[in-house]
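Examination of the molecular architecture
Chain residues, written in single-letter form:
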Amino acid sequence: MKESEFVVIGGGPGGVAAAIEAAKAGVNVALLDENERLGGQVFRQFEKGFKVADPDALGMDFNEGQELLLQFSSLQDQIRYLNNTLVWGIFKDHTLALARNGTSSNLSFKHLLVATGAYDRPVPFPGWTLPGVFTAGGAQKLVKSERVLPGENILLAGTGPLQVVLADQILKAGGKIEAILEAGNFGKQWLQGLIGIWGNWDFLKEGLRYWHSIRKAGVPLLRSHIVLEARGDGQVEEAVIAKVDKNWRPKLNTARSVKVDTICLGYGLVSSTELTMLAECEHKYDLRLGGYIPLRKANMETSVPGIYAVGDGAGVAGKKVAIIEGCIAGISAACSLGYLSSTIARERIKPYQKRLNKINRFRKILDDISLPRKGLYELATDETVICRCEEVTLKQLKAALADDTIQIKDFKRMTRMGMGSCEGRMCGPSAIEMMRHRLNAPAEDIGCLRPRPSIKPVALGVLAANNTMSMVSGVSVQVSGRDRGQRTENK
Amino acid sequence: MPKVEKRVFKDVERGRSFEIQLDGEKIVAYEGETIGAALLAAGRRTLRYTNKFEHPRGLYCGIGLCQECRMIINGVPNTQACQTLATPGCQVETQKKFRKQES
């Protein structure tokens, strides 16, 4: 078994920033990432085969990501980077269980950083399992990194600024968008929004740019609208949409059908907390920040000493916050490992802390508008499948509730909800919300679907093939897009 | 074949193209594309049928979490189409309801 001083799980902006800061201070870092290439979701790189002709056409995320990843690759002597590596469990004595290239192995750590990101909040409604219904994140990955449009006539629905980003990407790629439905009412709170945005000019500029691109393409943006139902024979052929009230309950007299073959849904994000939960860190429920999230100190440490959490997986806040939090955690870890004095660490953290406070002020306003309201969780009918893997319907869940189910974990025993191969990621978050509203109880009383190892399906053959030798060497970082020589020349 | 080209060819150059087998039929894929994306570009959206209701399912989360895109790829069932890169000649089959084999 190998040991690393500081293990970082997740190669998105938060994990990469933390690895960079810790490595710069002299710490021996290991970064484990599930994907072939570094970058996470937001800074996802192209697979081998694709060549970027015009990086500027790909948007700000792409170029911003390239810079961070180049900095990471310049620290290769200090950072052991393992791609295609799934961390499927955390066990006693600071041990991680890994699956990589068809074999399994262990890795122990002194300090650990979990930066596992987030995924689109799944919302069940009639027809949501039809092929042609995508999450916004899934559609974005297709357009951004595979250069394939998800459909011919696309409807975007959901809430928050990520929708507008996706719309811009689809339009730039030459796709056709029927309409963008925003469930929240951004109009009335516009003035409030402006006050919050004050002092966050780059956010405002970014938002306006996307806004203009959508206006120019003539795509209608309908506020206070949601999708009630997806219809079609074997795949999406139409969507039923309607205006909603302030609780996001549809006004049925406004319901109408639109002919689309694709529906992309982005109702905010859910934090991936499987690993912090397995590590027995304390969590609290905050729907604004992505559901259950680990409690943290100002230095990003969780309730378990030596385990840090940053980025969307510790509270959804986007790439900018992830990078700042990553830097703070990297410096803190370096300090507690003895590479930095506490005075120097404090000095280095100060500017990051300042920026974090500034962004948080702006976020509060957006979060309030985008917070999923009750009505969203009333769309499912008795026949609607809530647990996609085990095909458990709302009717079955209601029957279980009548039978005195009071905690969400009881659904497992009674209906098999949450026991399929997605490990409860697709049904858990909405089941918590549905129960919370129905029982009028705090989420903490309802509990959660406790993750169990392995947190993603791992084949028995992989578990049986225990190969510690494969862990010895890391891989070098490939940054797609511009190569390094060209980059230096440009500067 | 779909009516409208879903692949985007501007701003990014694609690698070489090759054929893969989908339920015995040939479709085109490009180097660096996942099987899920290649199938979508070829107009195929249903990737599997569920075990209980035999409902069609396709790409949903697209980032390896929801497990809806499980197909039989090169003979291995429950392989995620959204996470598996297409390779020349790979065999992809729609995953149907699981039935016990008669012995």
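This structure is a prediction, so every number in the text was calculated from the model and none was measured.

With that out of the way, let us pick up the pattern of salt bridges. Under the criterion given, the structure shown has 27 salt bridges over all chains. Residue Glu34(A) pairs with Lys456(A) through a salt bridge whose shortest N-O separation is 2.4 Å. Linking Glu34(A) in the loop between strand E2 (29-32) and strand E3 (51-52) with Lys456(A) in the loop between helix H13 (443-446) and helix H14 (460-464), this pair joins segments that are 422 residues apart in sequence. Accessibility expressed as a relative area gives 40% for Glu34(A), which makes it partly exposed. Lys456(A) gets classed as buried once you look at its relative accessible area, which sits at 10%. Its salt-bridge partner being Glu33(B), residue Arg14(B) comes within 3.0 Å of it at the nearest N-O pair. Of this pair, Arg14(B) sits in the loop between strand E1 (12-13) and strand E2 (17-22) while Glu33(B) sits in the loop between strand E3 (25-30) and helix H1 (35-41); the two residues are 19 residues apart in sequence, bridging distant segments of the chain. Arg14(B) gets classed as buried once you look at its relative accessible area, which sits at 13%. You can call Glu33(B) buried: its relative accessible area is 0%. A network of salt bridges, in which partner residues are shared, links Glu229(A), Arg231(A), Glu238(A) and Lys259(A).

Attention now goes to the sheet that holds E3(B). Residue and element names in this part refer to chain B. Here we have five strands laid out as an open sheet, ordered E3-E2-E8-E6-E7, and mixed in their pairing. The open sheet is flanked by E3 and strand E7 (76-80), the only strands paired with a single partner. Neighbouring strand axes in the sheet, compared pairwise and without regard to direction, differ in orientation by 45° on average. Bridge analysis of strand E6 (residues 70-73) against strand E8 (residues 91-93) gives two bridges, and the strand direction is antiparallel. Directly across from Ile-73, in E8, lies its bridge partner Val-92.

Turning our attention to the sheet that holds strand E16 (residues 262-267) of chain A. Residues and elements named next belong to chain A. As summarised here, the arrangement of the five strands in space is E9-E16-E10-E11-E12, forming an open sheet in which the pairing is parallel. In this open sheet, the two edge strands, each paired with only one partner strand, are strand E9 (133-135) and strand E12 (221-223). The mean inter-strand angle of the sheet, taken between neighbouring strand axes irrespective of direction, is 20°. Across six bridges, the pairing between strand E10 (residues 154-159) and E16 is parallel. From the neighbouring strand, Leu-155 faces E16, where its bridge partner is Ile-263. Lying over the sheet, helix H3 (residues 136-145) contacts E9 and E16, oriented at roughly 85° with respect to E9. Those strands touched by helix H4 (residues 161-172) are E10, strand E11 (177-182) and E16, and its axis lies near 160° from that of E10.

All right, on to the packing of helix H10 (residues 394-402) of chain A against helix H11 (residues 408-415) of chain A then. Residues and elements named next belong to chain A. With their axes 10 Å apart at the nearest point, H10 and H11 run at an angle of 110° to one another. Judged by the inter-axis angle, H10 sits roughly perpendicular to H11. For the crossing formed where H10 meets H11, the hand is right-handed. Facing Gln-396, Leu-397, Ala-400 and Leu-401 of H10, the residues of H11 in contact are Phe-411, Met-414 and Thr-415. When the residues that make up the contact of H10 with H11 are grouped by side-chain class, the tally is five nonpolar, two polar and no charged.

Another point: the packing of H10(A) against helix H12 (residues 428-439) of chain A. Residues and elements named next belong to chain A. With their axes 13 Å apart at the nearest point, H10 and H12 run at an angle of 45° to one another. In terms of orientation, H10 lies oblique with respect to H12. Here H10 runs over H12; the crossing is right-handed. Counting all contacts with H10, which are made through Leu-394, Lys-398 and Leu-401, the residues of H12 involved are Met-434, Met-435, Arg-438 and Leu-439. Looking at the contact of H10 with H12, its residues break down into five nonpolar, no polar and two charged.

Cut-offs applied
Residues numbered from 1 in each chain as written. Chains lettered and ligands numbered in written order. Predicted model: local features only at pLDDT ≥ 70, side-chain atom pairs only at ≥ 80, totals over all residues. Heavy atoms only, no water. Salt bridge = Lys/Arg side-chain N within 4 Å of Asp/Glu carboxyl O. Helix = DSSP H or I, 4+ residues; strand = E, 2+ residues; numbered from the N terminus. Buried < 20%, exposed > 50% of the residue type's maximum accessible area, 1.4 Å probe, protein only. Pairing = 2+ DSSP bridges. Axes fitted to C-alpha atoms, helices over the stretch in contact; angles between N-to-C directions. Contact = heavy atoms within 4.5 Å. Parallel < 35°, antiparallel > 145°, perpendicular 65-115°, else oblique. Left-handed = near helix turned anticlockwise from the far one by under 90°. Nonpolar A, V, L, I, M, F, W, Y, C, P; charged D, E, K, R; others polar.

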